[in-house]
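Read off the chains here:
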Amino acid sequence: MGDLSEFPLKYKLFLKAYPWRRIDPVPWVPLKKPLKDSRAALVSSAGLVRPDQDPFDDSIRGGDCSFREIPADTDLSALIDTHRSDLYDHSGLRQDPNLVFPLARLGELVKSGRIGSLNRRNLSFMGSLTAPGRLRKRTAPVAVRKLVEDGVDIALLVPV
Amino acid sequence: MCNQAVGLVAAELERQGISTVAIQLLRSVAEKVRPPRALVVPFRHGYPLGVPGDADHQRAVIEAALRMLEDSSLQPPAIVDYMPGKNK
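Residues numbered from 1 in each chain as written. Chains lettered and ligands numbered in written order. Predicted model: local features only at pLDDT ≥ 70, side-chain atom pairs only at ≥ 80, totals over all residues.

Visitor: Explain the overall build of chain A here, please?
Guide: Tallying secondary structure elements over chain A gives four helices and seven strands in all. When its helices and strands are written in sequence order, chain A yields α-β-β-β-β-α-α-β-β-α-β. A globule of 160 residues ought to have a C-alpha radius of gyration of about 15 Å, and chain A, at 17 Å, matches this closely. Projected onto its principal axes, the C-alpha coordinates of chain A cover approximately 45 × 40 × 30 Å. (Helix = DSSP H or I, 4+ residues; strand = E, 2+ residues; numbered from the N terminus. Rg over C-alpha atoms; globule rule 2.2 N^0.38 Å.)

Visitor: Even after reading the chapter, I still don't get the nonpolar core, so can you show me in this structure?
Guide: As a rule of thumb, nonpolar side chains are buried together in soluble globular proteins. Core analysis: the biggest nonpolar cluster contains 71 residues, and A155(A), L157(A), V9(B), L39(B) and A65(B) have the highest contact counts within it. The element best represented in this core is helix α1 (residues 2-15) of chain B, accounting for eight residues. Not counting the four nearest positions on each side in its chain, L39(B) is found in contact with V21(B), I23(B), Q24(B), A64(B), A65(B), M68(B), V80(B) and Y82(B). (Core = buried A, V, L, I, M, F, W, Y, C linked by C-beta atoms within 7 Å. Buried ≥ 20, exposed ≤ 12 C-beta atoms within 10 Å, placed from the backbone. Contact = placed C-beta atoms within 7 Å.)

Visitor: Please explain the interface of chain A and chain B as it appears in this structure.
Guide: Reports often express the size of an interface as the amount of accessible area lost when the parts come together. Tallying the contact residues gives 54 residues for chain A and 56 residues for chain B. Elements represented by at least two residues in the side of chain A that touches chain B include exactly α2 (91-95), α3 (103-111), α4 (133-149) and β7 (154-158) of chain A. Here the side of chain A that touches chain B gets eight residues from one element, more than from any other, and that element is α4(A). When its residues are assigned to classes, the side of chain A that touches chain B shows 34 nonpolar, nine polar and 11 charged. In this structure, β7(A) lies alongside strand β1 (residues 19-24) of chain B, joined through four bridges in parallel fashion. Residue pairing in the sheet places L156(A) in a bridge with V21(B) of β1(B). (Nonpolar A, V, L, I, M, F, W, Y, C, P; charged D, E, K, R; others polar. Pairing = 2+ DSSP bridges.)

Visitor: For this particular structure, what's the right way to read the environment of R94(A)?
Guide: Take R94(A): it is sitting in helix α2. The exposure class assigned to R94(A) is partly exposed, which follows from the 16 C-beta atoms found within 10 Å.

Visitor: What is the right way to read helix α3 (residues 55-70) of chain B from this model?
Guide: In an α-helix, one turn spans 3.6 residues; hence positions three or four apart end up facing the same way. Helix length check: α3(B), at 16 residues, gives a terminal C-alpha distance of 22 Å against a target of 22 Å (1.5 Å per residue), a fit within 8%. Turning to α3(B), its buried residues number three or more, namely Q58(B), R59(B), V61(B), I62(B), A64(B), A65(B), L66(B), M68(B) and L69(B). Looking at the buried side of α3(B), the elements it contacts are α3 and β7 of chain A together with β1, β2 (37-40) and β3 (78-81) of chain B. (Expected span 1.5 Å × (residues − 1).)

Shown next as structure tokens:
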């Protein structure tokens, strides 16, 4: 797995002292129908935006908790990486956005019948959020309601 | 931080009735934040599905995540380590 040795000492110390937000109780929704009949959505925290969308704002203290809708038919090569972190290597995802936002892979799974369908819109967040309170209380509930309205059954979440 | 962010969004998805599985790059963070279903992958940050340009490799990771959704024996919070070729 990734480990803290990837990071500079200053950041390792920060992470060691950081008050991670514990999910408690842990909500749990068992799969309601077979995957072949389920509608899937993709949720990424890689800070990707389409060319017609505003980039994530790296000047916001604690991190930009907003989200972008990414339609399922988006040309992946057009997505722009606006994640503010310089603590990881961005070259892989710029070479192949499926590495962090696997729209093409999910499309293949729909085509093969493994999953029923891919939702018409997917979600992009910028995950470098040291103060995630607004994400938990405001933006995530709003974003999720959109997927509920769409009849999404399952979601795959991919950090970066 | 990204691991925590997707965990928190996963929890909100489940609260609103959507089943989730979250890739995680740091087991220690997954254990602290506790997303409902976490697949811990052995890749460095920036490479959550492993290898750029390798569709088979990426599909194998996603397949392991989908199997977590199908596994009715899992209990929350469920943390599974991705082991290439072994997450059957």
